[in-house]
Amino acid sequence: MLSVLRVHLPSDIPIVGCELTPYVLLRRPNKDKSVISEDVSESAPIDGYFLRYKWYRIQSDKKVAICSIHPSEQATLQCLGCVKAKIPVSKSYHCSPKCFSDAWQHHRVLHERAASAVNENGNGEEEIFGQFNSTGSGVSNASLASSQSSGSLANGNAPLYPAAITQRNGGETWFEVGRSKTYTPTADDIGHALKFECVVVDAETKLPVGPSSTILTSRVIPAPCPTPRRMFSVSGVDIPGHLDLDGRLSSSGTFTVLSYNILSDAYATNELYSYCPSWALSWAYRRQNLLREIVGYRADIVCLQEVQSNHFEEFFAPELDKHGYQALFKRKTAEVFSGSINNIDGCATFFRRDRFSHVKKYEVEFNKAAQSLTDAVVPIAQKKTALNRLVKDNVALIVVLEAKFSNQGVDNPGKRQLVCVANTHVNVQQELRDVKLWQVHTLLKGLEKIAASADIPMLVCGDFNSMPGSAPHTLLALGKVDPMHQDLVVDPLGILRPASKLTHQLPLVSAYSSFARMGVGLGLEQQRRRMDPNTNEPLFTNCTRDFIGTHDYIFYSADSLTVESLLELLEEESLRKDTALPSPEWSSDHIALLAEFRCKPRTRR
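From a predicted model like this one, the values you see are computed outputs, not experimental measurements. Residue positions are given per chain, counted from 1 along the sequence in the order it is written. In keeping with the predicted nature of the model, local features appear solely for residues at pLDDT of at least 70, side-chain atom pairs appear and are counted solely at 80 or more, and the whole-chain, interface and lining totals rest on all residues. Only hydrogens and water are set aside when side-chain values are computed; all heavy atoms of the structure are taken into account.

A.B. asks: Which residues make up the overall build of the chain, and what are the values?
C.D. replies: Strands here are runs of E lasting at least two residues and helices are runs of H or I lasting at least four, both read from the DSSP assignment and numbered beginning at the N terminus. Broken down by element type, the chain carries twelve helices and 30 strands. The rule is simple: take the accessible area with a 1.4 Å probe, protein chains only, and divide by the maximum for that residue type; under 20% is buried, over 50% is exposed, in between is partly exposed. With 605 residues in all, the chain has 52% of them scored as buried. Put simply, 73% of the contacts in the chain that link residues at least 6 apart link residues at least 24 apart. Method for areas: the Shrake-Rupley scheme with a 1.4 Å probe, in which residue coverage is limited to the protein chains shown. Per element, the accessible surface of the chain, about 27300 Å² overall, is 51% carbon and sulfur. For this analysis, residues touch if any pair of their heavy atoms sits within 4.5 Å.

A.B. asks: Account for the pairing of strand β11 (residues 172–178), naming residues and giving values.
C.D. replies: Most of β11 is tucked away: six of the seven residues are buried. Think of it this way: DSSP has to see at least two bridges between two strands before they count as a pair. Two strands pair when backbone bridges link them, and strand β4 (residues 49–60) and β11 are joined in this way by six bridges, in the antiparallel orientation. Each bridged residue has a counterpart across the sheet, and for S60 the counterpart in β11 is E172.

A.B. asks: Before we move on, could you go through the sheet that holds strand β2 (residues 23–27) and cite the residues and values that matter?
C.D. replies: Strands belonging to one sheet form pairs held by backbone hydrogen bonds; the direction of such a pair is parallel or antiparallel. Reading across from one edge, β1-β2-β3 is the order of the three strands in this open sheet, with antiparallel pairing throughout. The sheet is open, and its two edges are formed by β1 (3–8) and β3 (35–36), each paired on a single side. Bridge count for β1 against β2 is five bridges, and the pairing is antiparallel. Considered in β2, the bridge of R6 is made with L25.

A.B. asks: Provide a residue-level description of the packing of aromatic side chains, including the pertinent values.
C.D. replies: Two rings from Phe, Tyr or Trp (for Trp, the six-membered ring) form a pair when their centres sit within 6.5 Å of each other. Planes less than 30 degrees apart are called stacked, planes more than 60 degrees apart edge-to-face, and all others tilted. In this structure the tally under the stated criterion is 21 aromatic pairs. Note on W55 and F196: the rings are 4.9 Å apart at their centroids and 45° apart in plane angle, and the pair reads as tilted. Placement of W55 in strand β4 and of F196 in strand β12 (residues 193–202) is noted, with a sequence separation of 141 residues between them. Assigned by exposure class, W55 and F196 land together as buried. Their ring planes at 55° and their centres at 6.0 Å tell us that F464 and Y553 sit as a pair that is tilted. One end of the pair, F464, is in the loop between β22 (458–463) and α10 (471–478); the other, Y553, is in strand β28 (residues 552–557), and 89 residues separate them in sequence. Within the aromatic cluster, the residues linked to one another by ring pairs are F255, F356, F405, Y556 and F597. Should the NZ of a Lys or the CZ of an Arg lie within 6 Å of a ring centre and within 35 degrees of the ring normal, that charge is described as sitting over the ring. When the ring centre of F175 is taken as reference, the NZ or CZ atom of R57 above it lies at 5.2 Å.

A.B. asks: Quick rundown of the pattern of salt bridges? Include the residues and the values.
C.D. replies: In the sections that follow, a salt bridge refers to a side-chain nitrogen of Lys or Arg positioned within 4 Å of a carboxyl oxygen of Asp or Glu. Under the criterion given, the structure shown has 24 salt bridges. For the salt bridge of D300 with R352, the shortest nitrogen-to-oxygen distance reads 3.4 Å. In this pair, D300 is assigned in the loop between α5 (283–297) and β16 (301–308) and R352 in strand β18 (residues 345–352), connecting sequence segments 52 residues apart. Owing to a relative accessible area of 13%, R352 belongs among the buried residues under this scheme. Salt-bridge contacts for R530 lead to E568; the nearest nitrogen and oxygen are separated by 4.0 Å. Here the residue R530 occupies a position in the loop between α12 (524–528) and β24 (531–532), and E568 occupies one in the loop between β29 (561–567) and β30 (593–599), the gap between them amounting to 38 residues. Within this structure, K330, K361, E363, E365 and K368 form a network of salt bridges that share partners.

A.B. asks: So what's going on with the nonpolar core? Residues and values would help.
C.D. replies: Here the nonpolar core consists of buried residues drawn from Ala, Val, Leu, Ile, Met, Phe, Trp, Tyr and Cys, with membership extended through side-chain atoms lying within 4.5 Å. Ranked by internal contacts, the top residues of the largest apolar core, which has 65 residues, are F255, I294, I301, F350, F356, L459 and F597. Not counting residues up to four positions away in its chain, the partners in contact with F350 are D300, I301, V302, L304, F312, F316, A317, L320, Y325, Q326 and A327. By size, the runner-up hydrophobic cluster in this structure holds 43 residues, among which are V400, I450, L496 and L506.

A.B. asks: Before we move on, can you summarise the pairing of β28 with the specific residues and values?
C.D. replies: A large share of β28 lies buried, amounting to six of its six residues. Sheet topology note: the strand β23 (residues 508–510)/β28 ladder contains three bridges and is antiparallel. Looking across to β28, one finds that S510 is bridged to F555.

A.B. asks: Requested: an account of α5, with residues and values cited.
C.D. replies: Under the convention used throughout, the expected extent of a helix is 1.5 Å for every residue step, that is, one less than its residue count. For α5, spanning 15 residues, the distance from its first C-alpha to its last is 21 Å, which sits close to the expected 21 Å at 1.5 Å a residue. Turning to α5, its buried residues are W283, Y285, R286, N289, L290, L291, E293, I294 and Y297. Of the surrounding elements, those touching the buried residues of α5 are β15 (254–261), α4 (278–281), β16, α6 (309–321), β29 and β30. Within two residues after α5, R298 carries a phi angle of roughly 55°, on the positive side.

A.B. asks: Break down the environment of L290 for me, with residues and values.
C.D. replies: Among the structural elements, L290 can be located in helix α5. Taking the relative accessible area as the measure of exposure, L290 reaches 0% and is therefore buried. A sequence separation of 298 residues divides L290 from S588, and the C-alpha atoms of the two residues are 8.0 Å apart. Dropping the residues within four chain positions of it, L290 is found in contact with Y260, I262, W283, S587 and S588.

A.B. asks: Account for the packing of helix α9 (residues 433–453) against α10, naming residues and giving values.
C.D. replies: At a closest axis distance of 8 Å, the pairing of α9 and α10 adopts a crossing angle of 25°. Taken together, the axes of α9 and α10 lie roughly parallel to each other. Considering the relative orientation of α9 and α10, their crossing is right-handed. Across the interface between the two elements, K436, L437, V440, H441 and L444 of α9 pack against A471, P472, L475 and L476 of α10. Put simply, Ala, Val, Leu, Ile, Met, Phe, Trp, Tyr, Cys and Pro go in the nonpolar bin, Asp, Glu, Lys and Arg in the charged bin, and everything else, Gly too, in the polar bin. Tallied by class, the residues present in the contact of α9 with α10 amount to seven nonpolar, one polar and one charged. Interaxial angle, 0 to 180 degrees, is taken between N-to-C directions of lines fitted to C-alpha atoms, where a helix line uses only the stretch in contact. An angle below 35 degrees is treated as roughly parallel, one above 145 as roughly antiparallel, one from 65 to 115 as roughly perpendicular, and anything else as oblique. Crossings are assigned a handedness: left-handed for a near helix turned anticlockwise from the far helix by less than a right angle, right-handed for a clockwise turn.

Printed below as a string of structure tokens:
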């Protein structure tokens, strides 16, 4: 007879919106008693047996709420200031006075923004929020409630049917919430444990055979939600609301570009990111959190790096398609990589169909360029050594798009408005400074050819794994590299000589350097403090326990584009826990960059 050997969940904490898929290990009823982990459905039984699944939500008569800082803990305190300011109630809960005190510096920002919103909306009544102190002022020990609604069952592949209720002793009620192997917790499950039940069933009689195997989860927690990042206008005027720019974009002819290294699941290991809870590192959680963040930015063009092949095809492309995006992808080459082909990451570029149409795509494989280079300039005896150093699988995806929106003030209204967008991820190995510079130079030379063939604005986005002031960054920003630059010392193959060849003619400027050129405005001084005054770049775009610095950039051609606004930068303190990413709130070790651009009017030639 088919029997269940083991049942367990890969994640220790269930989160709203993140699918739960138990691992069920079975023993087949054959002579060798082989072990399998495949699903055995009623439509495809094995030797007359199949598996039946049920999910229950266990609700206690005691009402509970969840701490907004430590979502695995039950809340005991509620901030009265949040209630008064009409801040979402879930953000007002804390598990202890110490929790509230430790979080106050970040928490008070919610109050300040709520008060600012009240004033902007014309409410003259001044909102006053109490400061937290050791006596606990501003905090209520009031009874905390959570949703007790049951709703109907529509989880997994199961059809809709009324929720079944089984009363239990000890003040508990069990709600049957699913009949599929997988289950996605909902808001109704917050604060409650879930129970998964698996039993072998006789296909003929439809009756259970043997005992059921069960597993009990910890309490379901809401998906942690970071404080929304605001857009700042280069004119110094705050853009009201949270990135709600749709009307503004379509009427003014501007467009937005997002660049984001989302951290491939293959690299998101507990060994590398031991400070991040394992449930927050799981792909089931991170993919939903990343999607929510990316969609929330509402960018017209989205450039993502470290997108695994299978995740692009099975998740990002179909999910972003629902939001009106067309998808293009370039997977890294596989000369170096030796794992599963599905785990190879690459660069994915998405654009909104109502804003742009696809004209052309170019794929840059630096390994092919390395082969051509070694064939041309490296002696045969050194060719193998040269290829071992240069072949690193990195790629770039270049896309030419045509704008569908009007560009006010253009002299030639009938002429097509094209935009060229390059999306790349440069080699990560810090000791290979020559390889990084060579890859960036190779990409820029390719973009020069495109620019020479058409009057077209250029955008160069990505993770360049190069700090501000490094040779790759200098080449991008200044169009040349000083022959005495320290990075040029590392050149064992002689591919960087003479230094005079390390140039390009594209008038590129880093979008975020605009923060340094802005006038006086609300919040701009705070943004400048998050910039390096020596390089005019963000203090960091990549923040782990072992490293903090800037590797990500959006460069644009300043002769044809102007920066209208930028997404605010984060500060170390706002990341709270160990000042490190990823975290439950932010699901990558990088932060997203977002810039709004306007095409300059063309001059007649």
